[in-house]
Amino acid sequence: MANFLQPPRLRIGEDTEEERHATWLELFYDLVFVVAVSQLAHNLNEDISLSGWFGFIVLFIPVWWSWIGTTFYANRFDSDDVGHRLLIGIQMLTAAAMAINIHHGLSESSPGFAISYALGRVVLVIEYVRAGRYISSARPLTTRYAIGFAIAAFFWLISALVPIPWRFGFWTLGIIIDFATPLTGRKFQIGLLPHASHLPERFGLFTIIVLGEAIIAVVNGVSEQKWDVLTAISAIFGLIIAFSWWWVYFDNLGGKPIEIARTHGKVGVVNLWLYTHLPLVIGIAAAGVGVEQILLSKPALALPDSQRWLMCGSVALCSLAVSILHRFGVIRYCKIRSQYRLGGAVVLLAIAIFGRGLLPVAVIALVAIVSAVQVVQDLYQSRPTTRLVDPEI
């Protein structure tokens, strides 16, 4: 039972930090973003082109950033009182409104999408003002965040009143300010670094959400096709791709960036962890659409260029993002794994460039092999007989 009114409390810091897991409210909140990501994937599914890919990214960024804002606030200041639950409930409404407006989100529904996002940011500003009022040590940070996010929300609200394409200029200004706000508040983050166990779990849960799109893609693709051996084989390869990247990501996940920042005062590694997850989750979500496109294509005809590029390019984006995370120690610091991820991205792009004329099953098989090789390499390197004396290998 929640307390009726309980001031926000500081949930981080060496003296107060305890082992934390996602709350039931956070898991319930995530359900709205399952729907939002599904709508984004549906949009991309309807327009497999360069413009469709660009529109997918434009709408994905504010959806993801909306989830990030609430997650980082709860990581530092979560309190299970009625006030906090009601504010989260309002944020769920704004996220649901964003999901509703994703379809035609860059045309007639764009004012509704912008207003929905802006109102979600306004609620976040209220939460930070409330936290700053009760926690004096966090006030410099909460004030910086409240001002930055409020300015960004203002631009998003104004955008609903101006015509296209000027509307998207205001969106750009708003999202730049949103992204820049944590970067400009780095000196205030030193003593208020995120929770070392809670935040990796929350990032992992969003990654599970986008990986779920790949599973949905396999089910949808097979269910909408007449039974065909090549389609069934392609579906198995689609599951292998999703399973491989689940393995690669979660086998290397941990709270190391927060520990590094706490020990050495390097806040930048936390920000690198944050922003590099954007191309990672975009790539995973788009890969799910790529799998579905392959399963819905005619198995005996060459895969169209746009679908081949979507499949290979999206998984290459995942591989590149994980390579960066490895290289800078944001996840398990390992130069060899970073090189394998980078090499995988290069091979996938080569398949996209030189794979014209390949059948759908051949394309998805090659992508699955490249993905599975990443897992095999990790397993080989982690053998008990392998000597890992140098932490940089």
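Data block above holds the structure.
The structure displayed is predicted, hence computed values, not measured ones. (Residues numbered from 1 in each chain as written. Predicted model: local features only at pLDDT ≥ 70, side-chain atom pairs only at ≥ 80, totals over all residues. Heavy atoms only, no water.)

A. Just the nonpolar core, in detail. Ranked by internal contacts, the top residues of the largest apolar core, which has 102 residues, are Phe-60, Trp-64, Trp-65, Phe-206 and Met-311. If one sorts the elements of this core by residue count, helix α11 (residues 268-296) sits on top with 17 residues. (Core = buried A, V, L, I, M, F, W, Y, C linked by side-chain atoms within 4.5 Å. Buried < 20%, exposed > 50% of the residue type's maximum accessible area, 1.4 Å probe, protein only. Helix = DSSP H or I, 4+ residues; strand = E, 2+ residues; numbered from the N terminus.)

B. Quick peek at the packing of aromatic side chains. Taken as a whole and assessed by the stated rule, the structure comprises 29 aromatic pairs. The interplanar angle of 75° and the centroid separation of 6.1 Å between the aromatic rings of Phe-72 and Phe-203 together place this pair among those described as edge-to-face. One end of the pair, Phe-72, is in helix α2 (residues 50-77); the other, Phe-203, is in helix α8 (residues 198-223), with 131 residues separating them in the sequence. A residue is classified by how much of its surface remains accessible, and Phe-72, at 11% relative accessible area, is buried. Residue classification places Phe-203 among the buried positions, given a relative accessible area of 3%. The interplanar angle of 90° and the centroid separation of 5.6 Å between the aromatic rings of Phe-243 and Trp-247 together place this pair among those described as edge-to-face. Of this pair, Phe-243 and Trp-247 both sit in helix α9 (residues 229-250), four residues apart, roughly one helical turn. On the basis of relative accessible area, Phe-243 is assigned to the partly exposed category, the value being 46%. Classification of Trp-247 by relative accessible area gives partly exposed; the value is 24%. (Phe/Tyr/Trp six-rings, centres within 6.5 Å; stacked < 30°, edge-to-face > 60°.)

C. Local environment of the pattern of salt bridges. For the structure shown, the criterion picks out eight salt bridges. Among the ionic pairs, Asp-30 bridges to Arg-202, the shortest N-O distance being 2.8 Å. Separated by 172 residues along the polypeptide, Asp-30 in helix α1 (residues 24-46) and Arg-202 in helix α8 bring together distant segments of the chain. Judged by relative accessible area, Arg-202 falls into the buried class, the value being 1%. The residue Arg-121 makes a salt bridge to Asp-178 at a minimum N-O spacing of 3.3 Å. You can see Arg-121 sitting in helix α4 (residues 110-134) and its partner Asp-178 sitting in helix α6 (residues 166-184), a full 57 residues away along the chain. Through salt bridges with shared partners, a single network forms among Glu-26, Asp-30 and Arg-202. (Salt bridge = Lys/Arg side-chain N within 4 Å of Asp/Glu carboxyl O.)

D. Layout of a nonpolar patch on the surface. A surface patch of nonpolar side chains, about 360 Å² in accessible area, is lined by Ile-115, Leu-119, Val-122, Ile-126 and Leu-157. Sorting elements by how many residues they give to the nonpolar patch places α4 first, with four residues. Secondary-structure assignment places Leu-119 in helix α4. (Patch = residues over 30% accessible without salt bridge, like charges linked within 9 Å, V, L, I, M, F, W, Y side chains within 5 Å. Areas by Shrake-Rupley, 256 points an atom, 1.4 Å probe, with all protein chains shown as cover.)

E. The arrangement of the side chain of Thr-207 in detail. With respect to the secondary-structure elements, Thr-207 resides in helix α8. In terms of polar contacts, Thr-207 uses its side chain to reach the backbone carbonyl oxygen of Phe-203, at 2.9 Å. Ignoring sequence-local partners within four residues, the contact set of Thr-207 consists of Tyr-249, Phe-250, His-277, Val-281 and Ile-284. (Polar contact = N/O pair within 3.5 Å; in protein donor to acceptor, adjacent residues only side chain to side chain. Contact = heavy atoms within 4.5 Å.)

F. Here's a closer look at the packing of α1 against helix α3 (residues 82-102). Contact geometry of α1 with α3 gives a least axis separation of 9 Å together with a crossing angle of 10°. Considering their axes alone, α1 and α3 lie roughly parallel with respect to each other. Between α1 and α3, the residues in contact are Leu-25, Phe-28, Tyr-29, Val-32, Phe-33, Val-35, Ala-36, Gln-39, Leu-40 and Asn-43 and His-84, Arg-85, Ile-88, Gln-91, Met-92, Ala-95, Ala-96, Ala-99 and Ile-102, respectively. (Axes fitted to C-alpha atoms, helices over the stretch in contact; angles between N-to-C directions. Parallel < 35°, antiparallel > 145°, perpendicular 65-115°, else oblique.)

G. Main features of the environment of Leu-161. As for its position among the elements, Leu-161 is in the loop between α5 (139-159) and α6. Judged by relative accessible area, which is 70%, Leu-161 ranks as exposed. Spatially, the C-alpha atoms of Leu-161 and Ser-49 are 29 Å apart, while their sequence positions differ by 112 residues.

H. Highlighting unusual backbone geometry. For the bond from Ile-164 to Pro-165, the omega torsion is 10°, close enough to zero to count as cis. Locating Pro-165 in the fold gives a position in the loop between α5 and α6. Positioned with a positive phi, His-104 is a non-glycine residue whose angle comes to about 60°. Counting through the fold element by element, His-104 comes out in the loop between α3 and α4.

I. Molecular detail of the environment of Leu-93. Following the sequence through the fold, Leu-93 ends up in helix α3. A relative accessible area of 61% means that Leu-93 is categorised as exposed. Considering only alpha carbons, one finds Leu-93 and Ser-116, 23 residues apart in sequence, at a separation of 8.5 Å.

J. Structural view of the packing of α8 against α9. At a closest axis distance of 9 Å, the pairing of α8 and α9 adopts a crossing angle of 175°. Judged on the interaxial angle alone, α9 and α8 are roughly antiparallel. In this structure, α8 contributes Phe-203, Gly-204, Thr-207, Ile-208, Leu-211, Ala-214, Ile-215, Val-218 and Val-222 to the contact, and α9 contributes Ala-235, Gly-238, Leu-239, Ala-242, Trp-246, Tyr-249 and Phe-250. Classifying every residue of the contact of α8 with α9 gives 13 nonpolar, three polar and no charged. (Nonpolar A, V, L, I, M, F, W, Y, C, P; charged D, E, K, R; others polar.)

K. Layout of helix α13 (residues 335-354). The first and last C-alpha atoms of α13 sit 28 Å apart over 20 residues, in line with the 28 Å expected at 1.5 Å per residue. Residues Arg-337, Ser-338, Arg-341, Gly-344, Ala-345, Leu-348, Ile-351 and Ala-352 constitute the buried set of α13. Relative to the axis of α13, the buried residues are bounded by an arc of 145° and lie together on one face. Away from the buried face of α13 by more than 90 degrees, exposed residues Gln-339, Val-346 and Phe-354 are located. Where α13 is buried, its residues meet α9, α12 (305-327) and α14 (360-381). (Expected span 1.5 Å × (residues − 1). Arc of directions from axis to C-beta.)

Read these as geometric descriptors, not functional statements.
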